[in-house]
Amino acid sequence: MTNIFHERVFSGVQPTGHLTLGNYLGAIRKFVAMQERHECIYCVVDMHAITMPQNPTELINATRSVAAAFLAAGIDPAQHIVFNQSRVHEHAELAWVFNCVARMGWLNRMTQFKEKAGKDRENASVGLFAYPALMAADILIYRATHVPVGDDQKQHLELTRDIAQKFNNDYSDRIAELGLGIEMQIGRETVSGYFPLTEPVIEGPATRIMSLRDGTKKMSKSDPSDLSRINLTDTADEIARKIRKAKTDPEPLPSEAAGLAERPEAANLVGIYAALADMESDAVLAEFGGKAFSEFKPALADLAVEVLSPVAGEMRRLIADPGHIDGILADGAERASAIAAPVMADVRRIVGLGA
């Protein structure tokens, strides 16, 4: 029996719509920071995208665009793995096993299904309902120990842990018989299992970026209003215009973060500034407290342009050479498969498949 899990980070971004400032600050920039300390696997989760109707050509281009964003932000595909999910069939195979482990009640509690399906749930795809099991498979096919997620994804990662724990419990005798168990600490108890209980990594200011038009809603790639978001490929003029038009209230900025409690739009803009500048909200308000948004917004626009323009320029350069991106994704998929295939082989032996 091995007594420790190999520490590994996995995370993915869905290729739907335009990548936004929220994707960059909430996920991609954290990916870049984590590659300095961990072995990382970063995935464009194109199979998740088809839970909703997609134009095939646009999906292919969006997959390349997400990969370009990874590279433009600073992820090193030579040192870490960058690939798209559909190239590694073990994701789908393990997802079916997890569909048979997960309980209907668990999936019924997933709030994102309720939000995406809306009132017409009877016509939503089965894939949309079951996709948290695929998300669990994405993570656990690499036995990843850590996942950088926004706070809106915590529920899905908790489900991943529940599935891993139930699999470990349901097949504990078989795992021990095959000598495939790894010891892990759960509270004060040391237990053995095949899959780790993956930990979330949620750190830094502004882990959830909200709409520029409504501070109570998440900034979304699918929002009908382009003014609600800053796209990673926006020009400097477009960024400045969107920040200038961002919804605010008539009051000046408070002098401390507690004063933002009932002011969602103000809190969002301060949080964006804090995240872009890599500082705390209180430090932003120490500089801008008491000032009007007419003074704060130009400073925020200048900072956003300074941070995002190099990323946008590099993305456009990479997207202009799709063959280069496809080559990186193919190489990453080959390296990802080398990790995933032995794990799936173990799972088949554990559950009794492929005799």
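About the criteria used
- Note on numbering: residues in each chain are counted from 1, in written sequence order.
- Thresholds applied to this predicted model are a pLDDT of at least 70 for local features of residues and 80 or more for the giving and counting of side-chain atom pairs; totals over whole chains, interfaces and linings are not thresholded and use all residues.
- Computation of side-chain values: all heavy atoms of the structure, hydrogens and water removed.
- Strands here mean DSSP runs of E at least two residues long; helices mean DSSP runs of H or I at least four residues long; both are numbered from the N terminus.
- To get the radius of gyration, use the C-alpha atoms; to get the globule rule, take the number of residues to the power 0.38 and multiply by 2.2 Å.
- Buried residues are those whose accessible area, probed at 1.4 Å on protein chains only, stays under 20% of the maximum for their type, while exposed residues exceed 50% and partly exposed ones sit between those limits.
- Under the convention used here, a 1.4 Å probe and the Shrake-Rupley method define accessible areas, while residue burial counts only the protein chains that appear.
- In summary, the charge assignment counts Lys and Arg as positive and Asp and Glu as negative, without counting His or the chain termini.
- Note on charges: their place is set at NZ of Lys, CZ of Arg, CG of Asp or CD of Glu.
- Lines fitted to the C-alpha atoms define the axes, with helices restricted to the stretch that makes contact. Angles between their N-to-C directions range from 0 to 180 degrees.
- Here the angle decides the label: under 35 degrees means roughly parallel, over 145 means roughly antiparallel, 65 to 115 means roughly perpendicular, and every other value means oblique.
- Any two residues whose heavy atoms approach within 4.5 Å at even a single point are treated as in contact.
- In this count, Pro and Cys sit with the nonpolar residues alongside Ala, Val, Leu, Ile, Met, Phe, Trp and Tyr, while Asp, Glu, Lys and Arg are called charged and the others, Gly among them, polar.
- Within this scheme, the nonpolar core is defined by two criteria: the residues are buried Ala, Val, Leu, Ile, Met, Phe, Trp, Tyr or Cys, and they are joined through side-chain atoms within 4.5 Å.
- In short, DSSP must find at least two bridges between two strands for them to pair.
- Classification remark: right-handed applies to a crossover when, strands pointing away from the viewer, the course from the first strand over the helix to the second runs clockwise.
- Patch definition: residues above 30% relative accessible area lacking any salt bridge, with like charges linked at up to 9 Å and the nonpolar side chains Val, Leu, Ile, Met, Phe, Trp and Tyr linked at up to 5 Å.
- Put simply, a salt bridge is a Lys or Arg side-chain nitrogen that is within 4 Å of an Asp or Glu carboxyl oxygen.
- A pair of aromatic rings is counted whenever rings of Phe, Tyr or Trp (Trp by its six-membered ring) have centres within 6.5 Å, and the orientation is called stacked for planes under 30 degrees apart, edge-to-face for over 60 and tilted otherwise.
- Any Lys NZ or Arg CZ found within 6 Å of a ring centre and within 35 degrees of that ring's normal is scored as a charge over the ring.

Asks: Could you clarify how one ought to interpret the overall build of the protein in this entry?
Replies: Within the protein, the secondary structure is distributed over 14 helices and 7 strands. Relative to a compact globule of 355 residues, whose C-alpha radius of gyration would be 20 Å, the protein shows 21 Å and is just as compact. Projected onto its principal axes, the C-alpha positions of the protein cover 70 × 50 × 45 Å. For the protein, with 355 residues in total, the buried portion stands at 50%. For the protein, the exposed area adds up to about 16,300 Å²; of that, 50% sits on carbon and sulfur atoms. Positive and negative charge centroids in the protein, built from 37 and 47 side chains respectively, lie 4 Å apart.

Asks: What am I meant to see in the packing of helix α11 (residues 264–277) against helix α12 (residues 281–288) here?
Replies: Working note: a packed helix pair is described by the angle between its axes plus the distance between those axes. Where α11 meets α12, the closest approach of the two axes is 9 Å, and the angle between their N-to-C directions is 105°. Classified by the angle between their axes, α11 and α12 sit roughly perpendicular to one another. Contacts between α11 and α12 involve V270, G271, Y273 and A274 from the former and S281, V284, L285, E287 and F288 from the latter. Residue classes in the contact of α11 with α12 are distributed as 6 nonpolar, 2 polar and 1 charged.

Asks: Could you clarify how one ought to interpret the environment of R208 in this entry?
Replies: Among the secondary structure elements, R208 is positioned in the loop between β7 (199–201) and α10 (236–245). For the pair R208 and T63, spaced 145 residues apart in the sequence, the C-alpha separation amounts to 23 Å.

Asks: Sorry, what's going on with unusual backbone geometry here?
Replies: Comment: phi is negative for the bulk of residues other than glycine, and the bulk of peptide bonds are trans. For R143, which is not a glycine, the phi torsion comes out positive at approximately 50°. By secondary structure assignment, the location of R143 is in the loop between α7 (126–140) and β4 (146–148). Its identity is not glycine, yet D278 carries a phi of approximately 55°, on the positive side. According to the relative accessible area criterion, D278 is exposed, its value standing at 63%.

Asks: Can you help me understand the nonpolar core in this one?
Replies: Taken as a class, soluble globular proteins show a tendency for nonpolar side chains to be buried jointly. Among the nonpolar cores identified, the biggest contains 60 residues, and Y24, F70, L276 and F296 are the most heavily contacted of them. Here this core takes 11 residues from helix α13 (residues 293–319), the largest share from any one element. The contacts of F70, once residues within four sequence positions are left out, are V13, I28, F31, Y42, C43, V44, I75 and V82. Formed by 52 residues, the second largest nonpolar core is a distinct cluster that contains I41, A95, Y131 and L197.

Asks: Explain the pairing of strand β2 (residues 40–44) here, please?
Replies: Sheet faces and side chains relate simply in a regular strand, where the side chains alternate between the two faces. Counting buried residues along β2, 5 of its 5 residues qualify, which places the element largely inside the surrounding structure. Alternating positions in β2 separate into two faces, C40, Y42 and V44 on one and I41 and C43 on the other, with burial throughout. Where strand β1 (residues 9–13) and β2 come together, 5 bridges link them in parallel fashion. In the strand pairing of β2, V13 is matched with V44. Regarding topology, helix α1 (residues 21–34) serves as the crossover connection from β1 to the parallel β2, and that connection is right-handed. Bridge count for β2 against strand β3 (residues 81–84) is 4 bridges, and the pairing is parallel. In the strand pairing of β3, C43 is matched with F83.

Asks: Where do I start with a positive patch on the surface in this structure?
Replies: Where like charges cluster on the molecular surface, the positive patch consists of R213, R241, R244 and K245. When you line up the elements, K245 lands in helix α10. Judged by its relative accessible area of 44%, K245 is partly exposed.

Asks: I'm lost on the packing of aromatic side chains in this one. Help?
Replies: Two measures describe an aromatic ring pair: the distance that separates the ring centres and the angle between the ring planes. Following the criterion strictly, the structure yields 14 aromatic pairs and no others. Their ring planes at 75° and their centres at 6.1 Å tell us that F83 and Y142 sit as a pair that is edge-to-face. With F83 in strand β3 and Y142 in the loop between α7 and β4, the pair connects residues that are 59 residues apart, well separated along the chain. In this structure, F83 and Y142 share a single accessibility class: buried. Ring centres 6.4 Å apart and planes at 75° place the aromatic pair F98 and F167 in the edge-to-face group. Of this pair, F98 sits in helix α4 (residues 90–101) while F167 sits in helix α8 (residues 154–170), placing them 69 residues apart in sequence. Since its relative accessible area comes to 0%, F98 is described here as buried. One aromatic cluster in this structure is built from F98, F167, Y171, Y194 and F195. Residue placement shows R143 over the ring face of Y194; its charged tip is 3.8 Å from the ring centre.

Just distances and angles here, no functional claims.
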